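Listed below are the residues making up each chain.
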Amino acid sequence: MFADARPLMQRVIGDQAGEAESWIHYPVSDVVNGRLSARWFYHCHAPEERGPGEHGHFHLFVGKSALPDMVDALMEPPPSDAKRADVVHVAALSIDYQGLPTGWFSTNRWVTDEFLYPAEDVIALLPDLDFRGPQGDPLVNDWLTAIVALQVDDISKILRERDRHIAANGVEPEDRGAEILSSTPLNLETLLD
C-alpha cells in the first residue's frame, strides 16, 4: 500500500484492479526508463492459472544493449519472430490481492519473448537497475527500483537456479512445458532486516 491507500496494482491498472483483463499488459506499451532501458509491465493470468493468492505479477527487464557485446545469449528468439523486443528478462514479481509482493520467479525464453542471458551477466546489472523516469507511475517506478535493490540476493538466487535448471534438464527455449524455471517466496517480515 502507498500513502493514498491504493494497492500497488491499482496504481497501474486503475479502479478495475479486481477485474483486470487476463494477459493484457498494464500499461499497454510497457514502461521504459533509464540508462539500462529498464522496462516493466504488470499483467494477470486467468484465475485458474494463477499461483495461490496471486492477483498478477510484474515482469522486469533490461534492454539487450545494457549487456556488453562480448556476452553471448544462452537463448535467442527465433529469427522469424518479428514482434520481439530486444529485451532481457530479469525476473517476475508476484503480487497478491492486497498489492503486496509474495515472491520472485524466472521464466523460459519463450514466455517473455526475450534474449536469455547467463545469470551472472544479468546479476552484474542489478545494482544499476533503475525504473525511475518520465514514463509510468512515479511511485510504482520508485517502489520497483527499491524492491530490486533490497532483493538482489533473492533475484540472484533465482537467476542462478534458472541456469542450473536449464543445464541439468536440457531445457529448450521454445519448450512450452517449461514455463517457470525457478522461484523463491518473498518474506516481508525479513525484507528490511
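Please read these numbers as outputs of a predicted model, since none were measured by experiment. (Residues numbered from 1 in each chain as written. Predicted model: local features only at pLDDT ≥ 70, side-chain atom pairs only at ≥ 80, totals over all residues. Heavy atoms only, no water.)

On to the sheet that holds strand β3 (residues 54-63). The strand order across the open sheet built from six strands is β1-β2-β3-β4-β5-β6, with neighbouring strands paired in antiparallel fashion. Taken across any chain shown, the strands that pair with only one partner, and hence form the sheet edges, are β1 (26-33) and β6 (180-185). Geometrically, the sheet is characterised by an average inter-axis angle of 20° between neighbouring strands, direction not taken into account. The pairing of strand β5 (residues 101-107) with β6 spans five bridges and is antiparallel. When the bridges of β6 are listed, serine 106 appears paired with serine 182. (Pairing = 2+ DSSP bridges. Helix = DSSP H or I, 4+ residues; strand = E, 2+ residues; numbered from the N terminus. Axes fitted to C-alpha atoms, helices over the stretch in contact; angles between N-to-C directions.)

Next up on the list: the pairing of β1. By the bridge criterion, four bridges tie β1 to strand β2 (residues 38-43) in an arrangement that is antiparallel. Within the sheet, the bridge partner assigned to tyrosine 26 lies in β2 and is tyrosine 42. The turn linking β1 back onto β2 is made up of four residues, and glycine 34 within it adopts a positive phi angle of 85°.

Moving on to the nonpolar core. One finds Trp40, Tyr42, Phe58, Leu60, Val90, Trp104 and Leu129 to be the most contacted residues of the largest nonpolar core, which totals 41 residues. Within the residue set of this core, elements represented by two or more residues are α1 (8-13), β1, β2, β3, β4 (87-96), α3 (119-123), α4 (138-150) and α5 (152-169). It is β4 that provides the largest number of residues to this core, a total of five residues. Apart from residues lying up to four places away in sequence, phenylalanine 58 is in contact with Leu8, Val12, Trp40, Phe41, Tyr42, Ala91, Ala92, Leu93, Ile95, Val140 and Leu144. One finds Met75, Leu116, Ile166 and Ala178 within the second-largest nonpolar core, a separate group that totals six residues. (Core = buried A, V, L, I, M, F, W, Y, C linked by side-chain atoms within 4.5 Å. Buried < 20%, exposed > 50% of the residue type's maximum accessible area, 1.4 Å probe, protein only. Contact = heavy atoms within 4.5 Å.)

Worth remembering: the numbers are spatial, not functional.
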